[in-house]
Structure formats: structure tokens, C-alpha cells
Amino acid sequence: MKVYEQVAMLLSQLSVDTMFGLLGDANMYVCSAFETAGGRLVRTSHEAGAVSMADTYARLTGRWAVATVTHGPGLTNALTSLVEAARFSSPVLVITGDTPAEATHMQRLDIAALCASVGVAHDRVHRPDTVIRDVARAVQRLKSTNAPVVLNIPVPISVSEAPTSDSAFVAAPTWTRSAPQTDEEAMDAALGLAASASRPVIVAGRGVIDSGAEASVLALADALGAGLFTSGLGVGLFTGHPRHLGIMGSIGHDETTPILMDSDCVIAVGTSLNKYTSLGGELFAGKSLIHIDSDPVKLGWFVTPTCAVAGDAKTVTTLMADGIREGQLPEKKTWKQRCHEASAAMARWTPPDDRTGTDTLDIRVATQRLDAILPQGCAIVSDVGRFIAGSWPHITKAAPGKFTAMTGFGSIGLGLAGGIGAAVSAVSDVTVVLVGDGGFMMNVSELATAVREKLPMIVAVYNDGAYGAEYQKLLDEGFPAQHSYNEWPDIARTAAGMGCHTLTVRKPEDFESVADEIARLSGPLVLDIHLDPTHHLNF
């Protein structure tokens, strides 16, 4: 048995049945062995796509995922996606390998130094007789840190004979992350602040989803009579609740932001309160702020709270709800009614300044029309860009844990591959990708992967023919906005040429044809949604 065969066998023993990759000298043997052994190898068009697919696969399934790239340019091509996974804390094992020990090898690269420079863990297989131990160590680190690990299997070792061993099996690591012990004084302080609030609101983030704490947060909200916001990555929580107020922060809804401004206490659960959620703390001026997170490092990272509680979201909110109920607080009828009315107004809202033109759509109208025809509980992956402001507030069909965004590193262009990883994970029958035209064109080649895998995907391209964020910044700084414009090939025709079903959307009624296509979806569908760059929103 060769070492690459042994590695493929170990992955199978660790219940890895899917691997994302692009073949090269460093990994073609382990890829072949993995596929021969019955594993699913999702062949990508670019190394960045392999890591992004593994990233979202891990995010949505809750399991660690594997990507593989070759040495040298294979790894550097994947670097942006690797940093995104690291910033998001996704457990992705990236298998690569050193070149043969030759000083003049064209693709030589110091893998350990490269990983260290971007804050990503690096492990390696040291000898043919240490493969089991080295792979187990890398996976243990992956699971204990919940962050990417690059596993370096040098090519000369990979093609060596693996020594026979009585211990040819590597057990799955049993380490589990535990939340910190909740401090009683911090809990008492949090209860005191919450109980004394007249107009409380709660903002819940990804940590609530990871902890399975939605029900306990709802119990706390009901005990307090609090309004319910989410962070951007908490989209999908509280859908249908009569006091659900949408996303808090820079893309908050017009109908519900006044509730936040009038509140006197904000309870933040499982969210970092970054500048988009908190506007650098401006949104909490004059209010008490209770910040709850399982990671003590995140408490006060962006905003200094009045009270910080380190602990599991479900445990802490359950204790708080019990404590509030025991106190038998008077019902906040007026505040609850205001939250009810704001939530209802948000649900029936249409833009009073609808900017739909003769052959372009207002992005808010386009998203509302799209959302109305999406299946309930679909998985949604968003790229990053100015389109977020006009789309995220109007998305209602994602279930908790089935919405994610490639926002960790602020790089456009990762969303399409991320959507493919989500579709491969099969956590939903349909996966939706939200992406701007610039981000879409950056990695349009990955459509070939979606077509080859026959993935049920809807790729909504918000096409304003410009780099949207830069458009606004140029205007704000007194420069002509034309510098941000781009003339792309026809997006629908480009996608059709790669084997996708496509539709061009210029009018609200065009979504009737989109609904028909979704009803018979059998592979990737690309929607070229035309917008006017001068009629756009910023965040």
C-alpha cells in the first residue's frame, strides 16, 4: 500500500465521503485513491473554488470538510478562500504537499511560512511510518480549534510504500468544545438589567444557531416582551414570530429600526456586534447592552457592553428566561404592541420610492419577487457587495442554519463556489446564491462544476454593470462614477454556454417565468437580474 492509498483509507475511516479538489502533482494520487475507494470527488475549476466549497459544506452540515490542491500555485490560488474559512472559523482540512526536494523546482514554496503569514494552522506527514499519527493530529487540531488546517503530505512521502502496521486505523477524535463556566455575578447583573428594562430587544446571531438556542431565546423574549432582531448571519431565526424585526444594523428595515432606536436595553446573543450590526456602537448609545457569547474573546471585541456573560447561548438564555419568569414582571403591553405593529408593517412593506425602470428593476422589488417563489427552507449562500443592502432584508425563506455569507474576509467572488458546496451538502433540496455581477464574473468558471454535478441551484446575479460599493465611494469622494462601470459579456448567454438554464429578468412580471423554471429545476438556473447602478442602496 502506498502512503496516498493509506491517507485515502484513513479519510474513509473518519467518515469523509466527499472531497473538493483540483488535481495536480501533489494530490492526484490521493484523489484517485479516494475516488477508487468509493469517495465522491467534486472536481472544481479553480483551487479557490475547492476551498470555498469545503468551507460552506462544513458551515451548513456542522461536519468538517476536505479540500485538496496541488503545491505551489495550487495553494496560493486557494489563499483567499483559505483566509475566508479561517476568519469564519470553518473546520476545513486542506490537503496539499511539498514539491520534491529540489532547489530549482518551479513550484517550490514554503507552505508552513505561507500558512503562518495568514494565521492558518499547518501540519505535515513527516515519514511514511507516521502517517496515521500525523493525520490524526491534523484532524484533532481541526476539530478542537474549529478552524482550517493545511495538511502537507510531501510528494516523495505520498508515493512511498506505507509500512505494514497492526494499527492501521485512526479513530475519530473525541474532543468536544465546551462553553466556559457561566459567572454567577455576571448572570445576576444581566438579569438585573433585563428585568429593569421597559423596552427591551434581543439580537441573535450565528452562535444561537450553532447552540440550537432559538427556542430558549424565544422563551426569554416572551418572558421580557422583547422585540427580536437578528444579525446578518442570523437570518432564518424567528421567521413568523409576531415580534420578529429583521436584521439589526446598517441594513436594518425602515419599519423596524425605530424600535431599536427607542429601546432601552439590547440583549445580544451569539453575535460579535461588528460594525455592520452595531454601527461601531452608535446604535446602543443611551441603552444598556448585555452581551452573551460562548467565546469570551468576542465579548467587547467591537463594542463595550454594560454586562458581559461568557457561556453557551442556550444555557444562559434558559437561565435568564427562568429568572425573569420567577420575578413575575408586569407585562409590557404597549411595547409588545409596537413590536407587533412594526413586524407586521415590515412583512407587508413595498418600497415607497420604487426605482424600477423601463428595463431595470429596483433590487428590493426583485428580491421580494424572488423570495415569494423560493421554496421554504432553501439553503442560501451570499457573496459580498453592495447588493446585500437591497437583498438580505427581504429574504424570508431560509431556515436557521441554512443561510451563510462569504463575508469573513470581505472578498467578492467566493459566493458561487460557496453555493456549490452548500448544494453538494444536500442540506436543502434547493440552494440559492445571491451575487453581484462583479463577483459572479470573477469565478464564473465554477458553473462548469455545478453543471457537471447536476446541482439544483438558483444563482441570482444582481447585475448593475458596475462595482457597486466603489460606485458609491467614488461619488462620495468627488470622482466620476463611470470609473466603476464594467462591460461584461451577456451574463445569461455566458451561463447558457456553460450548460446552465438561464433567464434574463428586467421587469417584475419576468419572475413568472422564473417560478416556472424553479418548479422543474433539475440543474443550475442562472438569473441575470438587471439593475440600474444609479438607483441602488448602500450599506
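This structure is a prediction, so every number in the text was calculated from the model and none was measured.

Visitor: So what exactly am I meant to see when it comes to the UniProt feature "domain: Thiamine pyrophosphate enzyme N-terminal TPP-binding" (unreviewed entry) in the protein chain here?
Guide: According to UniProt, the "domain: Thiamine pyrophosphate enzyme N-terminal TPP-binding" (unreviewed entry) feature falls on residues 1-112. The distance separating the terminal C-alpha atoms of residues 1-112 is 28 Å; by composition the span is 46% helix and 15% strand.

Visitor: Would you explain empty space enclosed by the protein in this entry?
Guide: By rolling a water-sized probe across the atoms, one finds the places where empty space is left. One pass over the structure, following the stated rule, counts one cavity of 30 Å³ or more. Estimated volume of the largest cavity: approximately 30 Å³. Taken together, His 71, Gly 72, Gly 97, Asp 98, Thr 99, Gln 107, Arg 108, Leu 109 and Ile 111 make up the full set of residues lining the largest cavity. Of the residues assigned to the lining of the largest cavity, the class counts are two nonpolar, five polar and two charged.

Visitor: What's the story with a negative patch on the surface in this structure? I'm lost.
Guide: Together, Asp 183, Glu 184, Glu 185 and Asp 188 give the surface a local cluster of negative charge. Mapped onto the elements of the fold, Asp 188 is located in helix α9 (residues 184-196). Residue Asp 188 is classed as exposed on the basis of its relative accessible area of 55%.

Visitor: Explain the sheet that holds strand β6 (residues 149-152) to me, please; I cannot follow it from the model alone.
Guide: For sheets, the rule is that strands pair by backbone hydrogen bonds, running either parallel or antiparallel. The parallel open sheet is built from six strands, whose spatial order is β2-β1-β3-β4-β6-β5. Each end of this open sheet is capped by a strand with a single partner; those strands are β2 (40-43) and β5 (121-124). Shown here is a sheet whose adjacent strand axes are inclined to one another by a mean of 25°, direction ignored. As judged from the three bridges shared by strand β1 (residues 18-21) and strand β3 (residues 65-68), these two strands associate in the parallel manner.

Visitor: Before we go on, may I ask you to explain the pattern of salt bridges in this structure?
Guide: Note that side chains of opposite charge can pair when their charged atoms are close. Enumeration over the complete set of coordinates arrives at 22 salt bridges. Between Asp 353 and Arg 364 there is a salt bridge, with the nearest N and O atoms lying 3.1 Å from each other. With a gap of eleven residues between them, Asp 353 in the loop between α15 (333-348) and α16 (363-373) and Arg 364 in helix α16 connect regions that are remote in the sequence. Taken together, the shared-partner salt bridges in this structure form one network comprising Asp 123, Arg 133, Asp 134, Arg 137 and Arg 141.

Visitor: Hey, could you run me through the layout of surface pockets in this one?
Guide: The calculated volume of the second largest pocket comes to roughly 500 Å³. Taken together, 25 residues line the second largest pocket, and the ones lying closest to its centre are His 244, Met 346, Ala 347, Pro 393 and Thr 396. Those elements giving two or more residues to the lining of the second largest pocket turn out to be β9 (244-247), α15 and α16. For the lining of the second largest pocket, the leading source of residues is α15, giving five residues.

Visitor: What exactly am I supposed to notice about a nonpolar patch on the surface here?
Guide: On the surface, Val 297, Trp 301 and Phe 302 cluster together into a nonpolar patch covering about 360 Å² of accessible area. As for its placement among the helices and strands, Phe 302 is situated in the loop between β11 (288-293) and β12 (307-310).

Visitor: Whenever I open this one, the packing of aromatic side chains confuses me. Can you help?
Guide: Counted under the stated rule, the structure contains six aromatic pairs. Measuring from ring centre to ring centre gives 5.2 Å for Trp 392 and Phe 403, while their planes differ by 90°; the resulting arrangement is edge-to-face. Residue Trp 392 is located in the loop between α17 (388-391) and β14 (398-405), and its partner Phe 403 is located in strand β14; the two are separated by eleven residues in the primary sequence. When sorted by exposure, Trp 392 lands in the same class as Phe 403, which is buried. Its end group placed over the ring of Phe 88, Arg 59 keeps NZ or CZ at 3.4 Å from the ring centre.

Visitor: What is the right way to read the pairing of strand β17 (residues 501-505) from this model?
Guide: When a strand is regular, its side chains alternate between the sheet's two faces. Here five bridges tie β17 to strand β18 (residues 525-530), and the two strands are oriented parallel to one another. What sits directly across from Leu 503, in β18, is Leu 527. Note on the crossover from β17 through helix α23 (residues 511-519) to β18: the handedness is right-handed.

Visitor: Can you help me understand the packing of helix α1 (residues 3-13) against helix α2 (residues 28-36) in this one?
Guide: Packed helix pairs are specified by the crossing angle of their axes together with the interaxial distance, meaning the distance between the axes. Interhelical geometry of α1 versus α2 gives an angle of 50° and a closest axis separation of 8 Å. Classified by the angle their axes make, α1 and α2 are oblique. Note on packing geometry: the crossing formed by α1 with α2 is right-handed. Across the interface between the two elements, Tyr 4, Glu 5, Val 7, Ala 8 and Leu 11 of α1 pack against Tyr 29, Val 30, Ala 33 and Phe 34 of α2. Considered class by class, the residues forming the contact of α1 with α2 number eight nonpolar, no polar and one charged.

Calculation notes
- Residues numbered from 1 in each chain as written.
- Predicted model: local features only at pLDDT ≥ 70, side-chain atom pairs only at ≥ 80, totals over all residues.
- Heavy atoms only, no water.
- UniProt positions renumbered as here; feature names shortened; annotations may be inferred.
- Helix = DSSP H or I, 4+ residues; strand = E, 2+ residues; numbered from the N terminus.
- 1 Å grid on protein atoms, 1.4 Å probe; cavity = no way out; pocket = protein on both sides within 12 Å on 5 of 7 lines; lining within 4 Å.
- Points joined across faces, edges and corners; volume = space filled by probe spheres on them.
- Nonpolar A, V, L, I, M, F, W, Y, C, P; charged D, E, K, R; others polar.
- Patch = residues over 30% accessible without salt bridge, like charges linked within 9 Å, V, L, I, M, F, W, Y side chains within 5 Å.
- Areas by Shrake-Rupley, 256 points an atom, 1.4 Å probe, with all protein chains shown as cover.
- Salt bridge = Lys/Arg side-chain N within 4 Å of Asp/Glu carboxyl O.
- Lys, Arg positive; Asp, Glu negative; His and termini not counted.
- Charge placed at Lys NZ, Arg CZ, Asp CG, Glu CD.
- Buried < 20%, exposed > 50% of the residue type's maximum accessible area, 1.4 Å probe, protein only.
- Pairing = 2+ DSSP bridges.
- Axes fitted to C-alpha atoms, helices over the stretch in contact; angles between N-to-C directions.
- Phe/Tyr/Trp six-rings, centres within 6.5 Å; stacked < 30°, edge-to-face > 60°.
- Lys NZ or Arg CZ within 6 Å of the ring centre and 35° of its normal.
- Right-handed = clockwise from strand over helix to strand, strands pointing away.
- Parallel < 35°, antiparallel > 145°, perpendicular 65-115°, else oblique.
- Left-handed = near helix turned anticlockwise from the far one by under 90°.
- Contact = heavy atoms within 4.5 Å.

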